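Architecture and fold: a report
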Amino acid sequence: MTALLSIAWKSAWNRRFTLALTVFSIALATLLLLGVERIRTELRENFASAVSGTDLIVGARTGSTQLLLYSVFHIGSATNNIGWKSVQALEQHPGVAWVVPLSLGDSHRGFPVVATTRAYFAHVRRGEQLLDEGQPFSGLFDAVIGADVAEQLGYRIDQKITLAHGTGELTPEHADKPFTVVGILKRTGTPIDRTVHIGLEAMEAIHLEWAGGTPMPGLKIPAEQVRKFDLRPKNVTAALVGLKNRAAVFAVQRWVQTYPEEPLMAILPGVALDELWQVIGVGEKALLALSGLVGIVSLAGLVSVVMAGLNERRRELAVLRAVGAGARHVLALLALEGAIVTVLGVALGTLLAALGIAALGPWLHAHYGLALRLAAPTLNEGLLLAALLAAGWLASLLPGVRAYRLSLADGLSPRI
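First, a word on what this report is: a plain description of the structure on this page. (Residues numbered from 1 in each chain as written. Predicted model: local features only at pLDDT ≥ 70, side-chain atom pairs only at ≥ 80, totals over all residues. Heavy atoms only, no water.)

Right, let's get into the overall build of the chain. Secondary structure assignment for the chain yields 12 helices and 15 strands. Relative to its full complement of 416 residues, the chain shows a buried share of 47%. Sequence separation of 24 or more characterises 77% of the internal contacts of the chain that already satisfy a separation of 6 or more. Working note: accessible area of the chain is about 20800 Å², and carbon and sulfur atoms make up 62% of it. (Helix = DSSP H or I, 4+ residues; strand = E, 2+ residues; numbered from the N terminus. Buried < 20%, exposed > 50% of the residue type's maximum accessible area, 1.4 Å probe, protein only. Contact = heavy atoms within 4.5 Å. Areas by Shrake-Rupley, 256 points an atom, 1.4 Å probe, with all protein chains shown as cover.)

Printed below as a string of structure tokens:
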């Protein structure tokens, strides 16, 4: 076996320029497979981190995926709101540790606005420190913006901004009640990055002269006079709930579902996220399948290169037979040669993937919140590498079988 390995290596080295292209194509296929798998894994973790630390999401009765989409990802709109008394009752439940109410509906230059409480910054994302600059809102017309909002619009602390009523392009603005940016959040790779955060009282203040989604004719309340009114929220869109003991999650969920004052529902964000991923996961499977096709094309190239060179190597193979090598040795020689090329390609692709993560990881995290970290291959990545190696070895058997048959028929002189 050692002699065969030495011969296979020297034979491959003699055709190094031709085989180098095959090694490079296998390396690119490996890089693509590992890159797609790592990005897919990180995207899943980013999706999960958007609801990390939250045990239940409470809202009006609707579909679980719809509630998750509009409360966490700010996609779509709620079918109904929930009353503030219901939120207070939820806060008083003995199994509930904290409640973060969310009021949605307004926007700022295409970015969603979320009205909430200061508890949002303490409990969302498992209490992770969210602020990068400034502080949470404390004044009535204070705003805290996400990293994407600050970067794309060029906002800084003390910037004055106005909010729009609704989410359309032609929606009227609350121009008479400007907000001041007092905080900028760290990049998280979640919808938080694209959100403008204000207080619940501020949401009530900018809608004092509105009714049924439209401004009341002839009514104008200046910003300096809104504090004379009762700014306690009447209702909210949804609420994020943390429990004292996660073992009580189903008991609290059942309490919410049977709440007598109004129809509510409570969902487990992890379960709803799995349902959502079953829908959008088709894209990741398509990318993985495309990467697999690239791998198949690369291995087909390996077979083509070895097969094309067989006629030129018939004298070489015949000489090996003459000095005592059996047909099985010829088969093993070609299989070893294909395995060497595959191993080199997979090793080079793995190295390129590691270098790519090291070079692009900080940039991707800074601009897109995608945290790619250098780490040992995961189980799925290990299985992909093993599949590539096995497929490369199996692919090399085809030219090996062809060489086996030729070597049985040939003598020392090649056929012309």
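Further notes follow.
Time to look at the sheet that holds strand β3 (residues 96-102). The four strands lie next to each other as β3-β14-β1-β15, forming an open sheet whose pairing is antiparallel. Because the sheet does not close on itself, it has two edges, and the strands there are β3 and β15 (264-267). The sheet shows a mean angle of 25° between the axes of neighbouring strands, taken without regard to direction. Pairing analysis gives four bridges linking strand β1 (residues 56-60) to strand β14 (residues 238-243), with the strands arranged antiparallel. What sits directly across from Val-58, in β14, is Ala-239. Those strands touched by helix α3 (residues 64-72) are β1, β3, β14 and β15, and its axis lies near 100° from that of β1. On the sheet, helix α8 (residues 249-257) packs against β1, β3, β14 and β15 and is oriented at approximately 160° with respect to β15. (Pairing = 2+ DSSP bridges. Axes fitted to C-alpha atoms, helices over the stretch in contact; angles between N-to-C directions.)

With that settled, the discussion passes to the packing of aromatic side chains. Per the counting criterion, the structure on display carries four aromatic pairs. Between Tyr-120 and Phe-121 the ring centres are 5.5 Å apart and the planes differ by 80°, which places this aromatic pair in the edge-to-face class. Taking relative accessible area as the criterion, Tyr-120 reaches 6% and is therefore assigned buried. Among the aromatic side chains, those forming a connected cluster through ring pairs are Tyr-120, Phe-121 and Phe-137. (Phe/Tyr/Trp six-rings, centres within 6.5 Å; stacked < 30°, edge-to-face > 60°.)

This paragraph deals with α8. Every buried residue of α8 is listed here: Val-249, Val-252, Gln-253 and Val-256. Buried residues of α8 fall within an arc of 100° about the axis and therefore sit on the same side. (Arc of directions from axis to C-beta.)

Moving on, we get to a nonpolar patch on the surface. On the surface, a nonpolar cluster with roughly 400 Å² of combined accessible area is contributed by Leu-287, Leu-290, Leu-293 and Ile-296. A relative accessible area of 47% means that Leu-287 is categorised as partly exposed. (Patch = residues over 30% accessible without salt bridge, like charges linked within 9 Å, V, L, I, M, F, W, Y side chains within 5 Å. Salt bridge = Lys/Arg side-chain N within 4 Å of Asp/Glu carboxyl O.)

Quick look at the nonpolar core now. Core analysis: the biggest nonpolar cluster contains 46 residues, and Phe-179, Val-196 and Ile-198 have the highest contact counts within it. Broken down by element, the residue count for this core peaks at four residues, all from helix α7 (residues 200-205). Discounting residues that sit within four places of it in the chain, Phe-179 has contacts with Leu-140, Phe-141, Asp-142, Ala-143, Gln-159, Lys-160, Ile-161, Leu-163, Ile-198, Ala-202 and Ile-206. Counting residues in hydrophobic clusters, the runner-up holds 29 residues, among them Trp-98, Leu-130, Ile-192 and Met-265. (Core = buried A, V, L, I, M, F, W, Y, C linked by side-chain atoms within 4.5 Å.)

This brings us to the environment of Phe-121. Along the chain, the position of Phe-121 falls in helix α5 (residues 119-123). Of the residues examined, Phe-121 reaches a relative accessible area of 10% and is grouped as buried. In the structure, Phe-121 is positioned 10 residues away from Leu-131 in sequence and 8.0 Å away in space, judged by C-alpha atoms. Every residue in contact with Phe-121, bar those within four places of it in the chain, is listed here: Glu-128, Leu-130, Pro-136, Phe-137, Val-144, Leu-185 and His-197.

Taken as a whole, this structure holds eight salt bridges when the rule is applied. Ionic pairing is found between Glu-209 and Lys-177, a salt bridge with its closest N-O pair at 2.8 Å. Highlighted residues: Glu-209 in the loop between α7 and β11 (210-211) and Lys-177 in the loop between β8 (160-161) and β9 (179-185), separated in sequence by 32 residues. Given a relative accessible area of 4%, Glu-209 falls into the buried group. For Lys-177, a relative accessible area of 1% gives the class buried. One network of salt bridges, in which partners are shared, links Asp-148, Glu-151 and Arg-187.

We now examine the pairing of β15. Side chains Leu-264 and Ala-266 project from β15 onto one buried face, and the interleaved Met-265 and Ile-267 project onto a second face that is buried too. Taken together, the four bridges between β1 and β15 define a ladder with antiparallel strand orientation. What sits directly across from Val-58, in β15, is Ala-266.

Note on placement: Val-252 falls in helix α8. The spatial distance from the C-alpha of Val-252 to the C-alpha of Ala-266 is 8.5 Å, given a sequence separation of 14 residues. Contact partners of Val-252, with chain neighbours within four places excluded, come to Leu-56, His-93, Val-96 and Leu-243.

Positive phi, close to 55°, is recorded for His-74, a residue that is not glycine. Looking at the secondary structure, you find His-74 in the loop between α3 and β2 (82-83). Even without glycine at this site, Arg-109 takes up a positive phi of about 50°. In this fold, Arg-109 is placed in the loop between β4 (107-108) and β5 (111-116). Residue classification places Arg-109 among the exposed positions, given a relative accessible area of 57%.

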